Each structure stands twice: as structure tokens, then as C-alpha cells.
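Examination of the molecular architecture
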Amino acid sequence: MTRRHAVSLGLTIGLLAGCAEAPYPLPDRNAADVQAEEERLATLLPGELLGRAGTCRVRLLGRDNSSSFAWAHCDAAPGPAGVWSISVPVRVDGVRVTQPGDGSAYSASVRRMFPERLARAVLDNDSRLLP
């Protein structure tokens, strides 16, 4: 009987340890302040991310003091280089835009840019974060 309890206890602990925490909480897109910030970012980001005219769809992922965290999908206006797009998580401090590094620098830069839980969601490719 003791062995059966030990096995049951071990399985229970294993199950509880393996349970994932709740998904990262996203701002309510129906809230006026969230809509206003997404619109501000959608206006700011084309010039910063594309270096030229274009349009961006933005999903606000959260805010911390004067920083906004978002995912942007931007399409460049047609030009000599053709039409191209970028989809990237960003941190915006006022009008200063930071995006993660490429390749092997991506993970470390995401961890520096975002709060821990948001960084994990970005690195886990949580599709809820996309605009």
C-alpha cells in the first residue's frame, strides 16, 4: 500500500510540475486606450521598420511605464526594390523603436527587450501575438 501511495504521489507531482502556466495575458483590443496606442504605432512604424512609406498592422502586447510592446506586420509601398513585408516584435519607447537581432542574436535580444513572460511567449511563437 505504501508503494502505491508513493507512485501516486510521484505521478501527481509530475503532472503538476508539467502543467503550463496560463497564456500570456494580452490587452483588450476593444479598449479605447489600446486602440489608440495600436493606431499610434501603426502610424510610427512604417518609417522606422521599412525606411519608407508603407502600412503596418499592429497587435499591442502590453505596456510598462512609457514602453509599449507590440507585434507589427508591415508592407512596404511599391518601389525600386519591389514590394516586401516584415513581421516582427517591437519595443517602442516614445518614438524609439527597438526590434530583435537576426539569427543567433534573436533570442537574447527578445529577452532584453521584453518582460520575461512576454519574451517566452514571443520565443514560443504564440500565434495570438500576431496582428
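First, a word on what this report is: a plain description of the structure on this page. (Residues numbered from 1 in each chain as written. Predicted model: local features only at pLDDT ≥ 70, side-chain atom pairs only at ≥ 80, totals over all residues. Heavy atoms only, no water.)

Let's talk about unusual backbone geometry
- Unlike most non-glycine residues, Asn65 shows phi in positive territory, near 55°.
- Position of Asn65 among the secondary structure elements: in the loop between strand 1 (54-64) and strand 2 (67-76).
- Relative accessible area serves as the criterion here: at 79%, Asn65 is assigned to the exposed category.
- Of note, the phi angle at Asn125 is positive, near 60°, even though the residue is not glycine.
- In this fold, Asn125 is placed in the segment after helix 4 (116-123). (Helix = DSSP H or I, 4+ residues; strand = E, 2+ residues; numbered from the N terminus. Buried < 20%, exposed > 50% of the residue type's maximum accessible area, 1.4 Å probe, protein only.)

Brief notes about the nonpolar core
- By size, the foremost hydrophobic cluster in this structure holds 17 residues, and its most contacted members are Leu45, Leu49 and Val90.
- Secondary structure elements with two or more residues in this core: helix 2 (32-50), strand 1, strand 2 and strand 3 (85-93).
- Per element, the largest residue contribution to this core is six residues, and it comes from helix 2.
- Look past the residues within four positions of Val90 in its chain and what remains in contact with it is Leu45, Leu49, Ser68, Phe69, Ala70, Val97, Thr98, Gln99, Met113 and Phe114. (Core = buried A, V, L, I, M, F, W, Y, C linked by side-chain atoms within 4.5 Å. Contact = heavy atoms within 4.5 Å.)

Details of the pattern of salt bridges
- The full count for this structure, using the stated rule, is seven salt bridges.
- Note that Asp93 and Arg96 form a salt bridge whose closest N and O atoms lie 4.0 Å from each other.
- Among the salt bridges present, the one from Asp126 reaches Arg128, with a minimum N-O distance of 3.0 Å.
- Judged by relative accessible area, which is 35%, Arg128 ranks as partly exposed.
- One network of salt bridges, in which partners are shared, links Arg91, Asp93 and Arg96. (Salt bridge = Lys/Arg side-chain N within 4 Å of Asp/Glu carboxyl O.)

Some details on the pairing of strand 3
- Relative to strand 3, strand 2 runs antiparallel, the two being bridged by nine bridges. Residue pairing in the sheet places Ser68 in a bridge with Val92 of strand 3.
- Alignment of strand 3 against strand 4 (residues 96-98), held across three bridges, turns out to be antiparallel. Looking at the pairing, Val92 lines up with Val97 of strand 4.
- The loop that links strand 3 with its antiparallel partner strand 4 comprises two residues; one of these, Gly94, has a positive phi angle of about 70°. (Pairing = 2+ DSSP bridges.)

Observations regarding the sheet that holds strand 2
- Within the open sheet, the four strands sit side by side as 1-2-3-4. Their pairing is antiparallel. The sheet terminates laterally at strand 1 and strand 4, the two strands that pair on one side only. Each strand axis lies, on average, 30° off the axis of its neighbour in the sheet, ignoring direction.
- Against the sheet, helix 3 (residues 106-113) engages strand 2, strand 3 and strand 4, with an angle of about 35° to strand 3. (Axes fitted to C-alpha atoms, helices over the stretch in contact; angles between N-to-C directions.)

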